[in-house]
Amino acid sequence: MKSLYRQFQLNIQSHRLFSGRDKVLVAISGGVDSTVLANLLFKYESQPSDHLFLAHVDHQLRPDSFKEKELIDRQFASRGLQVFHKIWPRSQHPTSGIENAARDFRYRFYEEVASRLGISTIILAQHANDQAETTLLKLIRGGDWETISAMNWSRPLNNSSDIRVVRPLLNIKKADLYAYAKSTGLEWIEDPSNQDPDYTSRNQIRQVVLPALEKINPQAVEHIADFAEQIKHLKEDQLFEMLKLWVKESAPDLPIKRSQIDQFEALLKNKQSPNGRIELAGQVSLIKHHDEIQVRKENE
């Protein structure tokens, strides 16, 4: 069995998330997930004090939330890492939709810090249990099968940003994060609201549904997360087959690689670049021009 750190390394490398020489920003809360993530990255980065930065938001949702800052600074600022702290004052909290509002506030802060430091990668600590919880919530709420696909290992922060959000822990279980934290002597803070099954629908999944499923099969979390990943690949395969057929109609017998379709998909999603091309073979290119896509031969 691979060590957690080795699995973390493999995730970064196999999904090409970032390199140990990149400047990265970690979203940290003081909980076990992001505390373990920051510790793993301290080991992974070649020069942590130059490449690794932390961003923390005190949402002031609990009277003792100030303790998060103290704990983060004690464990990471003391190692020479720069930690950026931000308070979301209670006076700014909405009367409803507080979870979405808190998320928006956090992400604006992460983007602000990353832009200021010239960082293009924000790292989040979402893990296999988060993946399974999200999949079950989507199933319960109903909708199209395509909406059930897994969270991405990497995605743009938003449609107009060059900053990426990456999740290198997506196939690692929460129990393994706890085991790692205990074995390495890390300290963390448990948010009591996460333990209350009546607080949110996600908490009901976390505290009631998943434990019941794990009694049936201890690998329930992994299997649910794997299912969501398979759905995501099915969607990607659909796009690949549709584009391949379209190219074949425009340029019969032209070979096309999956990597070329992946490049073109990334080009289509890049709102910053209205125009671009991916060269195929035989002087044929896939062309993006604003909202139009074309297959074009160079002699046309």
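Residues numbered from 1 in each chain as written. Predicted model: local features only at pLDDT ≥ 70, side-chain atom pairs only at ≥ 80, totals over all residues. Heavy atoms only, no water.

A. Just helix α1 (residues 4-14), in detail. The set of residues buried in α1 consists of Leu 4, Tyr 5, Phe 8, Gln 9, Asn 11 and Ile 12. The buried side chains of α1 occupy one side of the element, clustering within an arc of 160° when seen end-on. Elements in contact with the buried residues of α1: α2 (32-44) and α7 (174-183). The positive-phi residue at the C-terminal boundary of α1 is Arg 16, with phi of around 50°. (Buried < 20%, exposed > 50% of the residue type's maximum accessible area, 1.4 Å probe, protein only. Helix = DSSP H or I, 4+ residues; strand = E, 2+ residues; numbered from the N terminus. Arc of directions from axis to C-beta. Contact = heavy atoms within 4.5 Å.)

B. Region of interest: helix α5 (residues 98-117). For α5, with 20 residues, the first-to-last C-alpha span of 29 Å sits near the 28 Å given by 1.5 Å per residue. Along α5, the residues classified as buried are Ala 101, Ala 102, Phe 105, Tyr 107, Phe 109, Tyr 110, Val 113, Ala 114 and Leu 117. Buried positions along α5 lie against β1 (24-27), β2 (52-58), β3 (82-87), β4 (121-123), β5 (154-156) and β6 (164-166). (Expected span 1.5 Å × (residues − 1).)

C. Local environment of the packing of helix α6 (residues 128-141) against helix α8 (residues 201-216). Viewed as axis vectors pointing N to C, α6 and α8 meet at an angle of 105°, and their least axial separation amounts to 10 Å. With respect to α8, the axis of α6 lies roughly perpendicular. On α8, the residues that touch Asn 129, Asp 130, Ala 132, Glu 133, Thr 134, Leu 136, Leu 137, Ile 140 and Arg 141 of α6 are Ser 201, Arg 202, Ile 205, Arg 206, Val 209, Leu 210 and Leu 213. Across the contact of α6 with α8, the residue classes break down as eight nonpolar, three polar and five charged. (Axes fitted to C-alpha atoms, helices over the stretch in contact; angles between N-to-C directions. Parallel < 35°, antiparallel > 145°, perpendicular 65-115°, else oblique. Nonpolar A, V, L, I, M, F, W, Y, C, P; charged D, E, K, R; others polar.)

D. Just the nonpolar core, in detail. Grouped together as the largest cluster of nonpolar side chains are 34 residues, with contacts concentrated most on Phe 8, Phe 18, Val 36 and Leu 54. Of all the secondary-structure elements, those providing two or more residues to this core are α1, β1, α2, β2 and α7. Apart from residues lying up to four places away in sequence, Phe 18 is in contact with Ile 12, Val 24, Leu 41, Tyr 44, Glu 45, Thr 121, Ile 123 and Val 166. If you look at the next biggest cluster of nonpolar residues, it comprises 22 residues, including Trp 88, Phe 109, Ile 122 and Leu 124. (Core = buried A, V, L, I, M, F, W, Y, C linked by side-chain atoms within 4.5 Å.)

On their own, these measurements won't tell you what the molecule is for.
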